[in-house]
Amino acid sequence: MNRIDAILQQKSVRITPMRQLVLKHFLQEDAVLGLNELEETFQKSDRITIYRTLKTFEEKGIIHSIQNGVSEVKYALCKEHCEEQHHIDRHPHFHCLVCGSIECLESVLLPPTILPQGYSASEIKMNIKGRCKKCQG
Ligand SMILES: [Zn+2]
Ligand SMILES: [Zn+2]
Ligand SMILES: [Zn+2]
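Residues numbered from 1 in each chain as written. Chains lettered and ligands numbered in written order. Predicted model: local features only at pLDDT ≥ 70, side-chain atom pairs only at ≥ 80, totals over all residues. Heavy atoms only, no water.

Asker: Would you explain the coordination of the zinc ion (ligand 3) in this entry?
Answerer: Around the zinc ion (ligand 3), the donor atoms from the protein are His 64 (NE2), His 91 (NE2), His 93 (NE2) and Cys 104 (SG), and they sit 2.0 to 2.3 Å away. Read in sequence order, the donor residues coordinating the zinc ion (ligand 3) give the pattern H-x26-H-x1-H-x10-C. Across the pair, His 93 and His 91 agree in class, each one buried. (Donors = N, O, S within 2.8 Å, 3.2 Å for Na, K, Ca; no water. Buried < 20%, exposed > 50% of the residue type's maximum accessible area, 1.4 Å probe, protein only.)

If you want it as structure tokens, here you go:
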């Protein structure tokens, strides 16, 4: 079985051609992608289908969403530990105020959040805004 199908199966996502294509694209690009970029890549597919695919992937812990409140929502691949109902991506997202790039800072691990008794987290997100490596100086 190829890697794409193996991931879909592991995350209990039914395999469809669209899902295979979108996942393959995320793996190939290894980048933060938004609906607009994907729509340009898959011009033959309609926006709703791509959007639904992203939502399914997000629900099942294949990708996580990144929001900065300004531009469209972006998505990036999750690490293998993510699954449905347990979707904790413990790294911050960096938004560059100069070039507008968005990155997953996976080398920066957020400390575990200790919640008061009786609370449980299903999602934890941290955004950092500033100047990226390329835009320094
Ligand atoms: Zn995740
Ligand atoms: Zn930058
Ligand atoms: Zn991320």
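Asker: Just to check I follow, could you spell out the coordination of the zinc ion (ligand 2) for this structure?
Answerer: Coordination of the zinc ion (ligand 2) by the protein comes from Cys 96 (SG), Cys 99 (SG), Cys 132 (SG) and Cys 135 (SG), over a distance range of 2.3 to 2.4 Å. Metal-centred angles of 106 to 114° between the 4 donor atoms at the zinc ion (ligand 2) mark the site as tetrahedral. Written as a sequence motif, the donor residues of the zinc ion (ligand 2) are C-x2-C-x32-C-x2-C. We note that Cys 132, like Cys 135, is buried. (Tetrahedral: all angles 85-135°; square planar, octahedral: opposite > 155°, others 65-115°.)

Asker: Explain helix α2 (residues 17–29) to me, please; I cannot follow it from the model alone.
Answerer: At 3.6 residues per turn, the α-helix brings residues three or four places apart onto the same side. Taking 1.5 Å of rise per residue, the 13 residues of α2 would be expected to cover 18 Å, and the 18 Å separating its terminal C-alpha atoms lies within 8% of that figure. Of the residues making up α2, those classed as buried are Met 18, Arg 19, Val 22, Leu 23, His 25 and Phe 26. Considered in projection along α2, the buried side chains sweep an arc of 155° and stay on one side of the axis. Facing away from the buried side of α2 by more than 90 degrees, the exposed set consists of Pro 17 and Gln 28. On its buried side, α2 packs onto α1 (3–10), β1 (33–34), α3 (35–41), α4 (47–59), β2 (63–66) and β3 (74–77). Asp 30 occupies a position one or two residues after α2 and carries a positive phi of about 45°. (Helix = DSSP H or I, 4+ residues; strand = E, 2+ residues; numbered from the N terminus. Expected span 1.5 Å × (residues − 1). Arc of directions from axis to C-beta. Contact = heavy atoms within 4.5 Å.)

Asker: What am I meant to see in the side chain of Glu 58 here?
Answerer: Secondary-structure assignment places Glu 58 in helix α4. Residue contacts for Glu 58: discarding those within four places in its chain leaves Ile 63, Ser 65, Tyr 75, His 87 and Lys 125.

Asker: Explanation requested: the environment of Asn 2 in the structure shown.
Answerer: Within the secondary structure, Asn 2 is located in the segment before α1. Look at Asn 2 and you get partly exposed, because its relative accessible area is 42%. A polar contact is formed between the side chain of Asn 2 and the backbone nitrogen of Ile 4, at a distance of 3.0 Å. Within the local environment of Asn 2, its side chain forms a polar contact with the backbone nitrogen of Asp 5, the two atoms lying 2.7 Å apart. (Polar contact = N/O pair within 3.5 Å; in protein donor to acceptor, adjacent residues only side chain to side chain.)

Asker: What's the story with the packing of α1 against α2 in this structure? I'm lost.
Answerer: Two quantities define a packed helix pair, namely the angle between the axes and the distance from one axis to the other. At their nearest, the axes of α1 and α2 sit 10 Å apart, and the two run at 110° to each other. One way to sum up the angle between α1 and α2 is to call them roughly perpendicular. Mapping the contact onto sequence places Arg 3, Ile 4, Asp 5, Ile 7 and Leu 8 in α1 and Arg 19, Gln 20, Leu 23, Lys 24 and Leu 27 in α2. Residues belonging to the contact of α1 with α2 are distributed by class as follows: 5 nonpolar, 1 polar and 4 charged. (Axes fitted to C-alpha atoms, helices over the stretch in contact; angles between N-to-C directions. Parallel < 35°, antiparallel > 145°, perpendicular 65-115°, else oblique. Nonpolar A, V, L, I, M, F, W, Y, C, P; charged D, E, K, R; others polar.)

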